[in-house]
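Examination of the molecular architecture
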Amino acid sequence: MSAAEEAGVFHRARGRTLDSFSSEKEREWKGPFYFIQGADPQFGLMKAWATGDCDNGGDEWEQEILLAEQAVQAINKLNPKPKFFVLCGDLVHAMPGRPWRKQQTEDLQRVLRTVDRDIPLVVVSGNHDVGNVPTPETIAEFQRTWGDDYFSFWVGGVLFLVLNSQFLYDASRCPALKQEHDHWLDQQLRTARQRTCRHAVVFQHIPLFLRSIDEDDDYFNLTKALRKEMADKFVEAGIKAVFSGHYHRNAGGTYRNLDMVVSSAIGCQLGKDPHGLRVVVVTAEKIVHRYYSLDELNEKGIEDDLMDLLKEN
Ligand SMILES: [Zn+2]
């Protein structure tokens, strides 16, 4: 692989789309398929969490390297291959400008380069990637390292929207960028509403809610007013599901017809879930998903009942 090609692995998202898929050919429904969702490899959090110093800890990430390798190994073994592997943010623990960020990023990219080249990587930005209060500089750094921070793409008749949820969390230091993001999102939702797509799906790091649309605000969800506004917009545009991470636990719920899916982490667990990945099967009628531990996915692969859905038409 040439240096340019190697750098290109992480720059497939540009011009607000993903160049791994030809948008013309992919607009048509061709039958069921599946993809893999992962979240929060967050290199450095396990050490930081163990030492109780989340802001300044995280000087080792050997365990996370092994977990990410295990995740890639499990994905590369899958047959048939998933259409893509989406990583829903918090790639590394060190915030912009903090120590070890460069090394953590290099180590993660080294592991991610081993993903089968036929399985495109889709990268979503998290709060640790662009900062809790992002700035034009932190967003630019993300784009240089991982490609666009928000974009959309089509796969087999399904429209996928990748959002930058930090614009929804705190855009006080990048109001102009947030405005562009929101304008882009409204356009995308208009496309979704025209129903030329079989389904429309959103990826964003921070969940709209963890269990219920009416739950209280906390660190892990979006504020009540905003979440309701977003969820209504999504439902009205016909979005079927939102996949997110950030919580480091599995959770989720439904609101009207919207499935809010919160997946636990590849890296540090804050609850009792195993390190894992989510398998998402898209059929003509529905979107079915199941979380697998890395061990289980490596040893046994995807269960037959999910695989059988791929045979439907
Ligand atoms: Zn996060």
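Keep in mind that what you see is a predicted model, and the values were worked out from it rather than measured.

Right, let's talk about the UniProt feature "domain: Calcineurin-like phosphoesterase" (unreviewed entry) in the protein chain for a bit. The UniProt entry lists residues 72–249 under the feature "domain: Calcineurin-like phosphoesterase" (unreviewed entry), expressed in the numbering used here. Here residues 72–249 runs as 39% helix and 15% strand, with 20 Å between its end C-alpha atoms.

Which parts of space are left empty comes out when a probe the size of a water molecule is rolled across the atoms. Volume-wise, the largest pocket comes out at about 340 Å³. Forming the walls of the largest pocket are 23 residues, and the residues nearest its centre are Gln42, Leu45, Cys54, His93 and His128. Looking at side-chain class alone, the lining of the largest pocket contains 10 nonpolar, 10 polar and 3 charged residues. By volume, the second largest pocket amounts to about 160 Å³. Lining the second largest pocket are 13 residues, and of these Arg195, Val235, Gly238, Ile239 and Lys240 lie nearest its centre. Sorting the residues of the lining of the second largest pocket by element identifies β8 (199–203), α9 (224–237) and β9 (239–244) as the ones contributing at least two each. For the lining of the second largest pocket, the per-class residue count stands at 7 nonpolar, 3 polar and 3 charged.

Once that is clear, we can look at the coordination of the zinc ion. Taken together, Asp90 (OD), Asn127 (OD1), His205 (NE2) and His246 (ND1) make up the full set of protein donors to the zinc ion, lying 2.0 to 2.2 Å away. What the 4 donor atoms of the zinc ion show is an angle range of 89 to 166 degrees at the metal, which sorts the shape as irregular. The sequence pattern formed by the donor residues of the zinc ion is D-x36-N-x77-H-x40-H. Of this pair, His205 sits in the loop between β8 and α9 while His246 sits in the loop between β9 and β10 (251–255), and the two are 41 residues apart along the sequence. Residue His205 shares its accessibility class with His246, and that shared class is buried.

Their axes nearest at 8 Å, the elements helix α8 (residues 175–193) and α9 cross at an angle of 35 degrees. The segment α8 lies against α9, with Leu185, Asp186, Leu189, Ala192 and Arg193 engaging Met230, Lys233, Phe234, Glu236 and Ala237. Residue composition of the contact of α8 with α9, by class: 6 nonpolar, no polar and 4 charged.

Once that is clear, we can look at helix α6 (residues 136–146). Considered for burial, the residues of α6 that qualify are Thr138, Ile139, Phe142, Thr145 and Trp146. All buried residues of α6 fall inside an arc of 130 degrees around its axis, so they share one side. Along α6, exposed side chains directed more than 90 degrees from the buried face belong to Glu137 and Arg144. One or two residues past the end of α6 sits Gly147, with phi positive at roughly 95 degrees.

Looking now at unusual backbone geometry. With an omega dihedral of 0 degrees, the bond running from Asn79 to Pro80 counts as a cis peptide bond. If you trace the backbone, Pro80 turns up in the loop between α3 (62–77) and β4 (85–87). The backbone of His246 sits at a positive phi, close to 75 degrees, despite the residue not being glycine. Positioned with a positive phi, His248 is a non-glycine residue whose angle comes to about 60 degrees. You can see His248 is positioned in the loop between β9 and β10.

What counts and what doesn't
- Residues numbered from 1 in each chain as written.
- Predicted model: local features only at pLDDT ≥ 70, side-chain atom pairs only at ≥ 80, totals over all residues.
- Heavy atoms only, no water.
- UniProt positions renumbered as here; feature names shortened; annotations may be inferred.
- Helix = DSSP H or I, 4+ residues; strand = E, 2+ residues; numbered from the N terminus.
- 1 Å grid on protein atoms, 1.4 Å probe; cavity = no way out; pocket = protein on both sides within 12 Å on 5 of 7 lines; lining within 4 Å.
- Points joined across faces, edges and corners; volume = space filled by probe spheres on them.
- Nonpolar A, V, L, I, M, F, W, Y, C, P; charged D, E, K, R; others polar.
- Donors = N, O, S within 2.8 Å, 3.2 Å for Na, K, Ca; no water.
- Tetrahedral: all angles 85-135°; square planar, octahedral: opposite > 155°, others 65-115°.
- Buried < 20%, exposed > 50% of the residue type's maximum accessible area, 1.4 Å probe, protein only.
- Axes fitted to C-alpha atoms, helices over the stretch in contact; angles between N-to-C directions.
- Contact = heavy atoms within 4.5 Å.
- Arc of directions from axis to C-beta.

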